[in-house]
Amino acid sequence: MATQTIAAAINPWHVAQQQFDLAAVHLNLSPGLRKVLREPKRELTVHFPVKMDDGTVEVFTGYRVQHNLSRGPAKGGIRYHQDVTLDEVKALAMWMTWKCAVVGIPFGGGKGGVRVDPKKLSLREVEGLTRRFTTEISILIAPDRDIPAPDVNTNAQTMAWMMDTYSMNVGYTAPAVVTGKPVALGGSEGRTEATGRGVVYSIVEAARHLDMDLGKCRVAVQGFGNVGGVSARLIAAEGATVVGLSDWMGAIYRPQGLDVDAVLAWVQEHRTVMGFPGAREITNGELLELDCDILIPAALETQITAANAGKIRARMIAEAANGPTTPEADEILHKNGRFVIPDILCNAGGVTVSYFEWVQDLERDFWNIGHVNEKLREVMTKAFASTLEMSLKQEVSMRTAAYMLAVQRVADATSVRGLYP
Ligand code: GLU
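Quick caveat, the model's predicted, so the values are computed rather than measured.

Colleague: Kindly report on the overall build of the chain, identifying the contributing residues and their values.
Modeller: Counting its regular elements, the chain contains 15 helices and 12 strands. Considered along the principal axes of its C-alpha atoms, the chain spans approximately 55 × 55 × 45 Å. When each of the 421 residues of the chain is scored for burial, the buried share is 60%. In the chain, the share of contacts with a sequence separation of at least 24, taken over all contacts with a separation of at least 6, comes to 69%. If you sum the accessible surface of the chain, you get close to 17200 Å²; carbon and sulfur atoms cover 51% of it. Charge centroids of the chain, computed over 43 positive and 47 negative side chains, lie 4 Å from each other.

Written out as structure tokens, the structure reads:
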């Protein structure tokens, strides 16, 4: 709980700008480019009504932010969460710009969010909210302009409603306006698993570099949504022992190892990992400090802070979440010799397969799962290798190296396009 209270006070936008500033110094970026890349290009705030099941009307607030479009259309997810703020969405949009650049896919960064706790809404209310929000942001989204995708508390069904709403408004079916759709609507095979799969591909590469035997590694995962769940399942399939898992209610720990599939089945029934038989219940804060080899933060931003970074015992931290570590915590982890696979690299598998989905939709030609996963592995291992090379050559952390690669690519695209008018 203590972690969450401290985390709530940290503004993710300030974190994102601080991370960018550091990269700009390392790259000796010109003052003009620094000013341009430090701010988002567009921020849209919408307040919109939704009719609730009891006949009353509620007004919700949502955002869509486009950070930088130099390398292509805006790309990034939509999240539903009661704590969403404009600053959080700005940070997430900026991180998408760097994420797309670090894996070399031709998109700029965007992000959206609605301030709502979807657990408190019926399915019909969530559908109504999604359709009206899509209409409100339709002045920005389009297959060649800005392409949303799932994020925290949104999924393939949400994307189906968004695609349908957009298509109804324009008068024809436009599958490429969103990614992460059901396969029946032009979604890609492997998209649902892609973020977690990419996380595990990058852990495999990191383990090889650090000479860690995954078969002997103990892993703790914070967050058991899509990304945390898939990462836990796939890292167990690599032979690692998952000793800790958590969700919004709390965490469970079993030093001899947890059966991830059994926990997934438990969560299906009980909606939380808590109460899982044979495991000790601990807090989310304690989970981060567990005695383990690999820590996978797969929940929300600013979880690893100056307050707990020094207590983290894992040798490798694989950032499946966006922005889980503050810059102050980063310094502590670096000093303590922790190997951090930074979010913009580690969790880029999701947007990479989103890119594959968008290409398949535009070409009306669909790939099999083997091809999708093989291409994903190729992209992830190449990006990991370039980041590691930069990190070793420049003697900087993996985060700074990933930022240097990404920011340089975006800066090059921005400056070669020139200023209009
Ligand atoms: N929401 C995911 C992310 O944070 C995926 C974005 C996308 O596929 O566009 O990377």
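Colleague: An account of helix α5 (residues 123-136) is requested, with residue identities and associated values reported.
Modeller: Here α5 contains 14 residues, and its C-alpha end-to-end distance of 20 Å stays within 8% of the 20 Å for a straight helix at 1.5 Å per residue. Of the positions making up α5, those classed as buried are Glu-125, Val-126, Leu-129, Thr-130, Phe-133 and Thr-134. Each buried residue of α5 sits inside an arc of 165° when the element is viewed along its axis, so together they form one side. Of the surrounding secondary structure, the elements contacted by the buried residues of α5 are β1 (42-51), β2 (57-68), β3 (74-81), β4 (108-115) and α6 (156-170).

Colleague: Would you mind going over helix α7 (residues 191-210) in detail, with residue names and values included?
Modeller: Between its terminal C-alpha atoms α7 stretches 29 Å, which fits the 28 Å expected from 20 residues at 1.5 Å a residue. At Arg-197, α7 shows its maximal bend, which comes to roughly 30°. Most of α7 is tucked away, with 16 of its 20 residues classed as buried. The positive-phi residue at the C-terminal boundary of α7 is Asp-211, with phi of around 60°.

Colleague: Which residues make up the confidence of the model for the chain, and what values do they have?
Modeller: When pLDDT is averaged along the chain, the result is 97, and 98% of the positions lie at 70 or above. Across the chain, element-level confidence peaks in β2 with a mean pLDDT of 99 and bottoms out in helix α1 (residues 2-9) with 50.

Colleague: So, the side chain of Gln-222: which residues are in play, and what are the values?
Modeller: Position of Gln-222 relative to the elements: it lies in strand β6 (residues 218-222). A distance of 3.1 Å separates the side chain of Gln-222 from the side chain of Gln-303, its partner in a polar contact. Residue contacts for Gln-222: discarding those within four places in its chain leaves Ser-246, Asn-284, Leu-287, Leu-288, Ile-296, Pro-297, Ala-298, Ala-299 and Gln-303.

Colleague: Quick rundown of the site of the ligand? Include the residues and the values.
Modeller: Taken together, 14 residues are adjacent to the ligand, and Lys-75, Lys-99, Pro-150, Asp-151 and Ser-354 come closest. A distance of 2.8 Å separates a nitrogen atom of the ligand from a polar atom in the side chain of Asp-151. The side chain of Arg-191 places a nitrogen or oxygen atom 3.1 Å from an oxygen atom of the ligand. Considered on its own, the ligand offers 290 Å² of accessible surface; in the complex 96% of this is hidden by protein. Within the residue set of the shell around the ligand, elements represented by two or more residues are β3, α4 (86-102), β5 (146-150) and α13 (349-363). Here the residues of the shell around the ligand sort into four nonpolar, five polar and five charged.

Cut-offs and rules
Residues numbered from 1 in each chain as written. Predicted model: local features only at pLDDT ≥ 70, side-chain atom pairs only at ≥ 80, totals over all residues. Heavy atoms only, no water. Helix = DSSP H or I, 4+ residues; strand = E, 2+ residues; numbered from the N terminus. Buried < 20%, exposed > 50% of the residue type's maximum accessible area, 1.4 Å probe, protein only. Contact = heavy atoms within 4.5 Å. Areas by Shrake-Rupley, 256 points an atom, 1.4 Å probe, with all protein chains shown as cover. Lys, Arg positive; Asp, Glu negative; His and termini not counted. Charge placed at Lys NZ, Arg CZ, Asp CG, Glu CD. Expected span 1.5 Å × (residues − 1). Arc of directions from axis to C-beta. Bend = angle between axes of the 7 residues up to and from the residue. pLDDT = per-residue confidence, 0-100. Polar contact = N/O pair within 3.5 Å; in protein donor to acceptor, adjacent residues only side chain to side chain. Near = heavy atom within 4 Å. Nonpolar A, V, L, I, M, F, W, Y, C, P; charged D, E, K, R; others polar.

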